[in-house]
Structures are given as C-alpha cells and as structure tokens.
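Residues per chain, in single letters:
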Amino acid sequence: MKRFLLAVLFFAVLIALWEWAFFAKIWSPVLLPAPQQVAEYLKTVVTDGTLFQATVITMRRLLIGYVIGLIGGLPLGLLTARWKVFHDTIGTLALGLQTLPSVCWVPLALLWFGQTEAAMLFVVVMGTLWSVVIATDTGVRHVPPIYRRAALTMGSKRLHIWLKVILPAALPFIVSGMKQGWAFAWRSLMAAEIFVTILTGFGLGQLLHYGRELSAMDQVIGIMLVIVVIGLLADKILFSPVERFLHRRWGTNP
Amino acid sequence: MRFGHKTGSVTEELALVSPSKLAIDKVSKSFRSRAGTVLALDRVSLNVAEAEFVCIVGASGCGKSTLLNIIAGLEKPDSGTVLADGKPVTAPGRERLVMFQEPALFPWLDVLGNVLFPLKLKPNLTKKDRRDVAKYYLELVELTRFERSNIHELSGGMKQRVALARALAPNPRVLLMDEPFAALDALTREQLYGDLQRIWKSRRKTIVFVTHNVREAVCLGDRVLLFSPHPGRVQEEFIIELPRPRDLNSVELATYASRITHALKSGAQSEAATAK
C-alpha cells in the first residue's frame with residue numbers, strides 16, 4: 001500500500017511539473033499542450049469509439065504476429081539446440097537477424113507486401129521470432145545434464161524427456177525470450193503503423209501519425225500515453241504472473 | 001469382486017518386489033583424454049546377491065562411478081556384460097534407479113510432483129493410486145509435511161530424502177547410489193545412514209553404494225569392495241559382520257574402517273611404486 005501511494009505521488013508530481021511547464025510558457029502551447037487538453041482529447045476518442053477501435057486493430061495485429069512468432073520460434077530453437085547442423089545454420093541466421101533492429105524490416109515488408117495487413121504481420125513476426133529462437137536455444141543448452149540422466153533412469157524417453165524435462169527446465173530462459181520478443185514486436189509494429197497507412201485498419205500508430213500531420217500535439221501525447229499504458233498492462237498481465245511463479249519455484253530473486 | 005473398483009492396485013504397487021541379483025562379468029571401459037587413453041575399468045567382475053547391500057570404496061577417479069553408470073545402463077562397457085536377474089542390461093530402466101551426489105530434483109515441480117514423476121511413467125495406475133504411492137514414500141522418508149514445498153526451500157539432507165523417495169517410488173529392484181551423501185554435513189549424514197538402513201530393511205532392495213568414505217561404507221554395507229585406480233579393479237573384499245542398526249561411532253566399526261583404510265593406503269603406495 002505504501003509503495004502504491006508512493007508511486008501515485010511520483011506521477012502526481014510529474015503531471016504537476018508538466019502543468020507548471022505549460023503555464024510558465026517555456027514552450028509554445030502548440031508544442032506542449034496542458035494535461036487537461038490531452039485528457040480532453042482522450043475523453044473524445046474514448047466516447048466516440050475511435051480509440052477502442054484503433055486499440056483492437058493494433059492488438060489483433062500484435063497478438064496474431066506474436067503467436068505466429070512463438071509457434072515458429074520454439075521448435076526452431078529446440079532444433080538448433082538439439083542438432084549441430086541447425087545450430088550452425090538457423091542458429092547463426094537467428095543470431096544475425098536478432099541484432100537487426102526490427103524497424104529495419106519495415107521498408108522490406110512494404111516492398112514485398114505493399115500496403116497490406118501481411119506487411120504488418122511480417123514485421124511483428126520478424127520482431128518476435130529470432131528472440132524466441134535464441135532464448136529457447138540458450139535455455140536448452142543451460143539445462144544441467146544430470147536432469148536428463150535422472151529422467152532416463154526413471155524410464156523417461158525421447159519425446160517425454162523433451163516435453164517434461166528439457167522444456168520446463170529451460171522455461172526461465174524461454175520466458176525472458178518471450179518477453180523480449182514481445183517488446184521487439186510491439187516496437188516494430190508501432191514503427192510499421194506510423195510508416196504504413198493502410199486501408200484495412202486504423203491502428204494506434206496511424207492515430208499518432210495523423211496527430212503529427214495535423215500538428216495536434218494533444219493527440220500525439222495522448223496516443224503516446226495509451227501506448228505506454230498498454231505496454232505496462234501487457235507486462236503486468238501477461239508476464240508478471242509467469243515470472244512470479246518461476247521465481248517462487250526456482251527460488252530466484254524477483 | 002466389485003465392478004469398476006481398482007482396489008488393490010495401490011497395495012499391489014506397494015507390495016515388495018523381489019530384489020535383483022546382479023552379475024557383472026569382466027567389464028572394461030576406457031576413456032580418451034588429452035593425456036591419452038585411460039583404462040577406467042579393467043575386467044571388473046562382481047556378483048551382488050538379492051537384497052544385498054554392497055559398498056564400493058575407492059579414491060576419486062578409480063572408476064567406481066563409471067561402474068555404477070554401466071550397471072544403470074547410462075553408459076556402455078567396451079567389453080564384458082552386466083546381467084540383472086540373468087538379463088543383459090542394455091539401457092537405463094526403472095528396475096534400477098540411481099541416486100546421484102546431487103539430488104537432481106526438478107525445480108519446476110514441488111516435492112510431491114518430483115516423487116510423482118517416475119510414477120507418471122508407469123502405466124496402469126490411476127491418478128489417485130499415484131498420489132497414494134507417492135505419499136506413502138514421502139511418509140517413509142518423513143517429509144509428508146513438505147509435500148507442497150518448493151525444492152529450493154529444502155535443506156541438503158531433505159533434498160536427498162526426496163531424491164530417495166523418488167528413487168523408491170516406482171518400486172525398483174535395485175538402488176544404485178553414487179556418493180549420495182558426500183555433500184552433506186556429518187550430522188545429517190549420520191541420520192540418513194539410519195534412515196537408509198531402516199528403509200533397506202523394510203523395502204528389501206539390492207543396493208550398490210559408491211563412496212570414498214570408508215566409515216560410511218562399513219556402516220552401511222554387508223560387503224565392502226575396495227577399488228584400486230589406474231586401471232580400476234577390485235583390489236580387496238571385506239565382509240562386514242556387524243549387527244544392525246550399526247553405530248557409526250562404535251569401536252567395532254572403527255576397527256573395520258581402519259583395516260580398510262590401511263589396505264586403501266597400501267594400495268595407493270604400491271601403485272606409486274609401480275609408477276616409478
């Protein structure tokens with residue numbers, strides 16, 4: 001409770017500083033709107049449904065791309081961990097492509113897929129996939145060999161060992177890879193939505209883009225706030241419970 | 001007999017199985033290392049009777065763990081055979097369960113989950129049967145209170161007791177123990193000697209126990225085999241005729257231990273002499 005109050009106080013101070021900067025007229029009001037103006041904008045887009053619609057479109061792109069990235073990345077990571085051939089080939093490719101900032105996929109996606117949903121999905125998948133492959137590979141390599149030996153003597157065999165021993169043992173690594181993949185996917189999707197105006201749906205990135213076009217700073221800041229909040233919520237809802245479970249079970253520090 | 005009732009399957013599962021007879025015949029194994037080929041085991045032969053408790057003592061690197069792994073089926077010998085009840089051992093199996101120096105418990109499962117792990121690999125058991133069997137063994141190692149605990153919350157001794165319960169749970173005929181108490185403090189170890197002897201007596205298992213601790217071997221074994229290194233072979237055999245439960249601090253036990261320690265040292269000296 002005390003921690004919560006402290007956090008509330010912190011953000012209240014931040015907003016007060018913002019308010020003060022506005023009234024002190026350090027920047028032109030066109031460049032820095034008051035918190036009230038941003039709140040007003042958010043109220044309008046919430047009531048007319050624009051914000052909800054844009055959020056749904058963005059989240060749908062993100063989730064579909066992310067799930068595809070996971071479904072592809074996990075088995076690929078297992079392959080690279082299990083067989084040298086795949087490690088030297090797919091593993092090296094993954095390592096190389098993971099260092100590529102996922103925004104860099106946007107121009108290529110645009111040329112390949114045009115102004116389509118496929119371009120969006122492609123960017124998100126590329127953001128997720130390589131992180132998951134590398135994390136799974138690293139996780140499996142870190143599993144102490146004694147677990148395998150113990151499982152073997154208890155009558156566990158190939159597939160059972162992979163599903164019931166290696167995979168759970170690698171879970172802490174895999175989860176942190178999933179988290180990184182999520183962050184990369186989220187960033188690259190925003191970039192893609194800002195660059196690509198497509199007719200199939202108007203996401204949060206596009207709202208941000210049009211805010212800039214119209215020089216509507218209340219819109220720009222408002223949407224940025226929404227993006228931050230979604231990122232925070234995703235972390236708290238999707239990853240925190242899993243991480244808490246892992247820390248409790250493994251006895252690692254949260 | 002009533003319909004649909006699986007009565008008796010837990011009692012069946014917990015019933016004593018006949019312990020195995022092991023016949024190890026001229027087993028050799030060598031390893032390649034940077035220093036060249038090392039002969040870890042040189043035509044080692046040894047028989048273990050049903051429900052016998054055999055301890056293998058030797059300096060580290062004498063090949064005693066390798067022999068245990070070969071009996072377990074985790075490693076293959078270069079030559080020679082291992083027979084369990086007349087059948088050759090070719091792969092690991094739950095008839096012969098291993099306890100390692102590290103507990104090797106799975107941190108993603110709680111205590112009960114760990115003991116359930118080998119039971120889930122046994123067909124023809126209902127979910128309830130498995131739980132009952134797991135709980136029976138947790139009670140045997142006196143850890144019922146901790147069945148919901150996470151592994152990292154347990155002390156070293158408790159972890160090895162969970163590992164023992166997990167090894168006993170699928171009702172193996174043989175227990176292979178590779179220095180399971182080496183990393184524990186003296187007090188905990190002494191308590192576990194008592195537990196292990198009590199459980200060995202009530203569950204009737206054939207046990208092969210590898211250690212470098214001579215007093216531990218004398219305290220636990222019906223027979224103590226002294227292993228000499230380079231190449232690993234059985235140097236001497238001692239039959240321990242002491243009543244059980246044995247007191248680790250008794251004079252009789254110490255007498256045996258000093259005899260074996262003496263033999264161990266003279267073996268090391270003669271080896272050093274031949275090396276020169």
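Note that the coordinates shown come from a computational prediction; the quantities given were computed from them, not determined experimentally.

1. With respect to the overall build of chain A
Helix and strand counts for chain A stand at 11 helices and 0 strands. Counting from the amino terminus, helix and strand elements in chain A follow one another as α-α-α-α-α-α-α-α-α-α-α. The principal-axis extents of the C-alpha atoms in chain A amount to approximately 70 × 50 × 30 Å. When the 254 residues of chain A are sorted by exposure, 35% land in the buried category. Considering only contacts in chain A between residues 6 or more positions apart, those separated by 24 or more positions represent 73%.

2. Some remarks on the overall build of chain B
Counting its regular elements, chain B contains 8 helices and 10 strands. Against the compact-globule benchmark of 19 Å for 276 residues, chain B has a radius of gyration of 20 Å, which places it among compact chains. The principal-axis extents of the C-alpha atoms in chain B amount to approximately 75 × 40 × 35 Å. Relative to its full complement of 276 residues, chain B shows a buried share of 42%. Pairs at least 24 residues apart make up 73% of the contacts formed inside chain B by residues separated by at least 6 positions.

3. Considering helix α2 (residues 64-72) of chain B
All names here are of chain B. Where burial is concerned, most of α2 is hidden: 9 out of the 9 residues are buried. Those residues of α2 that fall on the buried side of the exposure criterion are Lys-64, Ser-65, Thr-66, Leu-67, Leu-68, Asn-69, Ile-70, Ile-71 and Ala-72. Looking one or two residues past α2, Gly-73 carries a phi angle of roughly 90°, positive in sign.

4. Some words on the sheet that holds strand β2 (residues 36-48) of chain B
Residues and elements named next belong to chain B. The antiparallel open sheet is built from 4 strands, whose spatial order is β2-β1-β4-β5. Sheet topology places β2 and β5 (87-88) at the edges, where each strand pairs with a single neighbour. Taken together, the 2 bridges between strand β4 (residues 79-84) and β5 define a ladder with antiparallel strand orientation. Looking at the pairing, Ala-84 lines up with Lys-87 of β5. Seen against the sheet, α2 touches β1 (22-33), β2 and β4 and runs at an angle of roughly 120° to β1.

5. Re the environment of Lys-122 of chain B
Within the secondary structure, Lys-122 of chain B sits in the loop between α3 (111-120) and α4 (127-140). On a C-alpha basis, the gap between Lys-122 of chain B and Pro-170 of chain B in space is 7.5 Å, while along the polypeptide they are 48 residues apart.

6. A short note on the environment of Leu-164 of chain B
All names here are of chain B. Looking at the element boundaries, Leu-164 is found in helix α5 (residues 156-168). Separated by 64 residues in the primary sequence, Leu-164 and Phe-100 have C-alpha atoms spaced 9.9 Å apart. Other than its neighbours up to four places away in sequence, Leu-164 contacts Met-99 and Val-141.

7. Points about unusual backbone geometry
Residues and elements named next belong to chain B. For the peptide bond that leads from Arg-244 to Pro-245, omega is -5°, which places it in the cis range. Structurally, Pro-245 can be placed in the loop between β10 (233-239) and α8 (251-275). In this structure, Lys-26 takes a positive phi of about 45° despite not being glycine. Take Lys-26: it is sitting in strand β1.

8. With respect to the interface of chain B and chain A
In this assembly, 20 residues from chain B lie in contact with 16 residues from chain A. Secondary-structure elements contributing two or more residues to the side of chain B that touches chain A are β6 (96-99) and α3 of chain B. The class makeup of the residues in the side of chain B that touches chain A is 14 nonpolar, 3 polar and 3 charged.

9. Here we look at the pairing of strand β9 (residues 223-228) of chain B
All names here are of chain B. Of all 6 residues that make up β9, 5 are buried, and the element is covered over most of its length. In terms of strand pairing, strand β3 (residues 53-57) meets β9 through 4 bridges, oriented parallel. Residue pairing across strands places Val-54 opposite Arg-223, the latter belonging to β9. Of the strand pairs in this sheet, β9 and β10 are connected by 6 bridges, and their pairing is antiparallel. In the strand pairing of β10, Leu-225 is matched with Glu-237. Between β9 and β10, which pair antiparallel and follow one another directly, the connecting turn spans 4 residues, one of which, His-230, has a positive phi of 50°.

10. Side note on the confidence of the model for chain B
All names here are of chain B. On average, residues of chain B carry a pLDDT of 88, and 95% of them reach 70 or more. Mean pLDDT across the elements of chain B ranges from a minimum in helix α1 (residues 9-14), with 80, to a maximum in α3, with 95. For residues 1-6, every residue scores under 50 in pLDDT, and the model assigns this stretch 2 contacts once sequence neighbours within four places are set aside. Across the predicted assembly, pTM comes out at 0.83 and ipTM at 0.87.

11. Some points on the sheet that holds strand β8 (residues 206-211) of chain B
Residues and elements named next belong to chain B. Within the open sheet, the 6 strands sit side by side as β6-β7-β8-β3-β9-β10. Their pairing is mixed. Single-partner strands in this sheet number two, and they are β6 and β10. When strand polarity is set aside, the average angle formed by the axes of neighbouring strands in this sheet is 20°.

12. Some details on the packing of helix α3 (residues 50-82) of chain A against helix α10 (residues 204-213) of chain A
All names here are of chain A. Packing of α3 against α10 leaves a shortest axis separation of 7 Å and a crossing angle of 125°. Accordingly, the angle class assigned to the pair α3 and α10 is oblique. Counted together, Ala-54, Thr-55 and Thr-58 of α3 and Leu-204, Gly-205 and Leu-207 of α10 form the full contact between these two elements. Taken together, the residues that form the contact of α3 with α10 break down as 3 nonpolar, 3 polar and no charged.

13. With respect to the packing of helix α5 (residues 105-113) of chain A against helix α6 (residues 117-141) of chain A
All names here are of chain A. In contact at an axis separation of 9 Å, α5 and α6 are set at 145° when each is read in the N-to-C sense. Regarding α5 and α6, the two cross each other, and that crossing is right-handed. When α5 is examined against α6, the residues Trp-105, Val-106, Ala-109, Leu-110 and Phe-113 are found in contact with a partner set consisting of Ala-118, Ala-119, Phe-122, Val-123 and Met-126. Looking at the contact of α5 with α6 residue by residue, the classes come out as 10 nonpolar, no polar and no charged.

14. Describing α10 of chain A
Within α10 of chain A, the full set of buried residues consists of Leu-204, Gly-205, Gln-206, Leu-207 and Leu-208 of chain A. Among the structural elements, α3, α9 (171-195) and α11 (217-250) of chain A are those in contact with the buried residues of α10 of chain A.

15. Quick notes on the pairing of β2 of chain B
Within a regular strand, the side chains alternate between the two sheet faces. Residues and elements named next belong to chain B. Relative to β2, β1 runs antiparallel, the two being bridged by 9 bridges. Across the sheet, Ile-24 pairs through a bridge with Leu-46, a residue of β2. Counting the residues between successive antiparallel strands, the hairpin from β1 to β2 contains 2 residues.

Rules and cut-offs
Residues numbered from 1 in each chain as written. Chains lettered and ligands numbered in written order. Predicted model: local features only at pLDDT ≥ 70, side-chain atom pairs only at ≥ 80, totals over all residues. Helix = DSSP H or I, 4+ residues; strand = E, 2+ residues; numbered from the N terminus. Buried ≥ 20, exposed ≤ 12 C-beta atoms within 10 Å, placed from the backbone. Contact = placed C-beta atoms within 7 Å. Rg over C-alpha atoms; globule rule 2.2 N^0.38 Å. Pairing = 2+ DSSP bridges. Axes fitted to C-alpha atoms, helices over the stretch in contact; angles between N-to-C directions. Nonpolar A, V, L, I, M, F, W, Y, C, P; charged D, E, K, R; others polar. pLDDT = per-residue confidence, 0-100. Parallel < 35°, antiparallel > 145°, perpendicular 65-115°, else oblique. Left-handed = near helix turned anticlockwise from the far one by under 90°.

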